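This is what each chain is made of:
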Amino acid sequence: MDHADLTTWLEIDLSVIRKNIRLLQEIAGVPVMAVVKANAYGHGLIEASRAAVQAGVQWLGVARIDEALELHRAGIRAHPIVLGYTPPERAGEAAQAGVRLAVYDSQVAQAYAAQAKAVGKPLYVHAKFDTGMGRLGASPEEGVEWMRWLHTLEGLQVEGAFTHLAEADDPQKPTTHWQLDRFDKLLSGLESAGLRPAWVHAANSAGALYFPRARYNLVRTGIAIYGLNPSAHAPLPEGFRPALTWKTRLTSVKIFPPNHGISYNYRYRTKSEERIGVCAVGYADGFRRQMGNMVLVRGRRVPVVGSVCMDQCMVNLDQVPEAQMGDEVVLIGQQGNDEITAEERAHEWGTIHYEVVCGLANRLPRIYVE
Ligand SMILES: Cc1ncc(COP(=O)(O)O)c(C=O)c1O
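Residues numbered from 1 in each chain as written. Predicted model: local features only at pLDDT ≥ 70, side-chain atom pairs only at ≥ 80, totals over all residues. Heavy atoms only, no water.

(A) Molecular detail of the overall build of the protein chain. Across its full length, the protein chain carries eleven helices and 19 strands. With respect to the three principal axes, the spread of C-alpha positions in the protein chain is 80 × 45 × 40 Å. The contacts of the protein chain with a sequence gap of at least 6 include a subset with a gap of at least 24, amounting to 68%. Of the roughly 15900 Å² that the protein chain leaves accessible, carbon and sulfur atoms contribute 49%. Across the protein chain, 38 positive and 40 negative side-chain charges occur, with their mean positions spaced 1 Å apart. (Helix = DSSP H or I, 4+ residues; strand = E, 2+ residues; numbered from the N terminus. Contact = heavy atoms within 4.5 Å. Areas by Shrake-Rupley, 256 points an atom, 1.4 Å probe, with all protein chains shown as cover. Lys, Arg positive; Asp, Glu negative; His and termini not counted. Charge placed at Lys NZ, Arg CZ, Asp CG, Glu CD.)

Written as structure tokens, this is what we have:
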């Protein structure tokens, strides 16, 4: 596709997101909550959520109340659930918009109930248990009594119980089974007490794919719906594809003499006469200021040279003599017969691909294709 009017942009294939979700639904055999927090892992909150709903999704997981309210305002017909902390001051807004909140603290739960009563609407909550993640959550061992108490709070509707897995992306580790054993013990206590809520969920993408027992009646999947492997130890099955491509353009091509400094502080000097291209992408777009980056030009890998600037970076084009100003450059995705994956980008930057896609700047235009 020729986006001659753009200098750096993301192409996101919504049909790929829908297909990935359908595959997950088939594999998991239970409904899928699409985790669309952090601007849908960089893919665009509203468009990715719409695609998810088209694929049959009825739950959308976010991290902040403002993300949930944005979904509500956009008229997206699925239940948004805030998986992290929501200040009690915002609970009234949540109740009014039908946004579900996670609850794990008694004082906060009481404050939520008061807010819901004040606006005259029930607030749907999902009780969060810390079975071993070491993050948010009530104690599963005290969970039955706590849930009994939670039910007494007027204004709250206890709709779900959930936990989060710490090491599902490394299926060989025993931790996941240990966490699920703790969770199952709680669930059977709740069952006996007649307190088991309608929705029970534990699995992220790796959990949903690699731990059938973690699926309960809802899975909370993020990375897999965007077509990215949960980890090297927990790859996606056949059929999943990445939905996102990150492109920029050559905005200048010049020949420099030997020993010419390139970019700030001359961290690179031409070794001989070199053809240097300028790309219209920089660290303000999410392209890290790190030496050793590679990009694709005309289907071939070329090195980024010199410091990445805020909005630009330079590449050595000696291996691609036919490259010209205006050519597309691929930072993540396929070009010709080669591909740079988000995982590879992450490896280059000493991080995980989740951080790479979540770090794609808001200023990048997102072009949706089908
Ligand atoms: C509570 C919770 N559930 C589900 C997910 C989705 O995880 P993944 O993207 O690995 O599927 C996340 C992501 O960080 C999360 O924090």
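Moving on from the coordinates now.
(B) Region of the structure containing the UniProt feature "modified residue: N6-(pyridoxal phosphate)lysine" (unreviewed entry) in the protein chain. The feature "modified residue: N6-(pyridoxal phosphate)lysine" (unreviewed entry), as annotated in UniProt, sits at Lys37 in this numbering. Tracing the backbone through its elements, the reader meets lysine 37 in helix α2 (residues 37–41). Given a relative accessible area of 30%, lysine 37 falls into the partly exposed group. Setting aside anything within four residues of it in sequence, one finds lysine 37 in contact with Gly61, Val62, Ala63 and Glu67. (UniProt positions renumbered as here; feature names shortened; annotations may be inferred. Buried < 20%, exposed > 50% of the residue type's maximum accessible area, 1.4 Å probe, protein only.)

(C) Looking closely at the packing of aromatic side chains. Overall, the coordinates contain seven aromatic pairs when judged by the stated rule. Connected via pairs of aromatic rings, a cluster forms that spans Tyr41, Tyr226 and Tyr354. Directly above the ring of tyrosine 124 sits arginine 100, whose terminal nitrogen or CZ lies 4.3 Å from the centroid. (Phe/Tyr/Trp six-rings, centres within 6.5 Å; stacked < 30°, edge-to-face > 60°. Lys NZ or Arg CZ within 6 Å of the ring centre and 35° of its normal.)

(D) The arrangement of the sheet that holds strand β3 (residues 59–62) in detail. A sheet is described by the order of its strands in space; here eight strands give the open sequence β8-β7-β6-β5-β4-β3-β2-β9, paired in parallel fashion. Strand pairing shows two members of the sheet lacking a second neighbour, β8 (199–201) and β9 (219–221), which therefore form its edges. Ignoring which end each strand starts from, the neighbouring axes of this sheet average 30 degrees apart. Judged from the two bridges that link them, strand β4 (residues 79–82) and strand β5 (residues 100–103) form a sheet pairing that is parallel. (Pairing = 2+ DSSP bridges. Axes fitted to C-alpha atoms, helices over the stretch in contact; angles between N-to-C directions.)

(E) Broad picture of the side chain of arginine 220. Here arginine 220 shows up in strand β9. The charged side chain of arginine 220 is buried without a salt bridge, its nearest counter-charge being aspartate 130 at 11 Å. Side-chain polar atoms of arginine 220 contact the backbone oxygen of threonine 163, separated by 2.9 Å. A distance of 3.0 Å separates the side chain of arginine 220 from the side chain of histidine 164, its partner in a polar contact. Those residues within four positions of arginine 220 in sequence are excluded, and the remaining contacts are Met33, Val35, Leu83, Phe162, Thr163, His164, His201, Ala202, Ala203, Asn204 and Ser205. (Salt bridge = Lys/Arg side-chain N within 4 Å of Asp/Glu carboxyl O. Polar contact = N/O pair within 3.5 Å; in protein donor to acceptor, adjacent residues only side chain to side chain.)

(F) Structural detail: the side chain of histidine 353. Positionally, histidine 353 belongs in helix α11 (residues 353–358). Given the relative accessible area of 7%, histidine 353 is considered buried. Dropping the residues within four chain positions of it, histidine 353 is found in contact with Ile223, Leu228, Asn229, Pro230, Ala342, Glu343 and Ala346.

(G) Broad picture of the UniProt feature "active site" (unreviewed entry) in the protein chain. Look at the UniProt record and you will see "active site" (unreviewed entry) annotated at Lys37 and Tyr264. Across 228 residues in sequence, these annotated residues place their C-alpha atoms as far as 35.2 Å from one another, rather than forming a single compact spot. Restricting the annotated residues just mentioned to those that line the largest pocket leaves Lys37. Position of tyrosine 264 relative to the elements: it lies in the loop between β11 (261–262) and β12 (268–269). For tyrosine 264, a relative accessible area of 55% puts it in the exposed group. Apart from the residues within four sequence positions on either side, tyrosine 264 is in contact with Ser307 and Cys309. (1 Å grid on protein atoms, 1.4 Å probe; cavity = no way out; pocket = protein on both sides within 12 Å on 5 of 7 lines; lining within 4 Å.)

(H) The arrangement of the layout of surface pockets in detail. By volume, the largest pocket amounts to about 780 Å³. Secondary structure elements with two or more residues in the lining of the largest pocket: α2, α9 (205–210), α10 (342–348) and α11. Its volume calculated, the second largest pocket comes out at about 520 Å³. Every residue lining the second largest pocket is counted, 28 residues in all, and those nearest its centre are Pro242, Ala243, Leu244, Thr245 and Glu339. Listed by contribution, the elements that provide at least two residues to the lining of the second largest pocket are β1 (8–13), β10 (244–256), β17 (328–335) and α10. When residues are assigned to domains, the lining of the second largest pocket turns out to be shared by domain 1 (14–226) and domain 2 (244–340), each giving three or more. (Points joined across faces, edges and corners; volume = space filled by probe spheres on them. Domains from an automatic or database assignment.)

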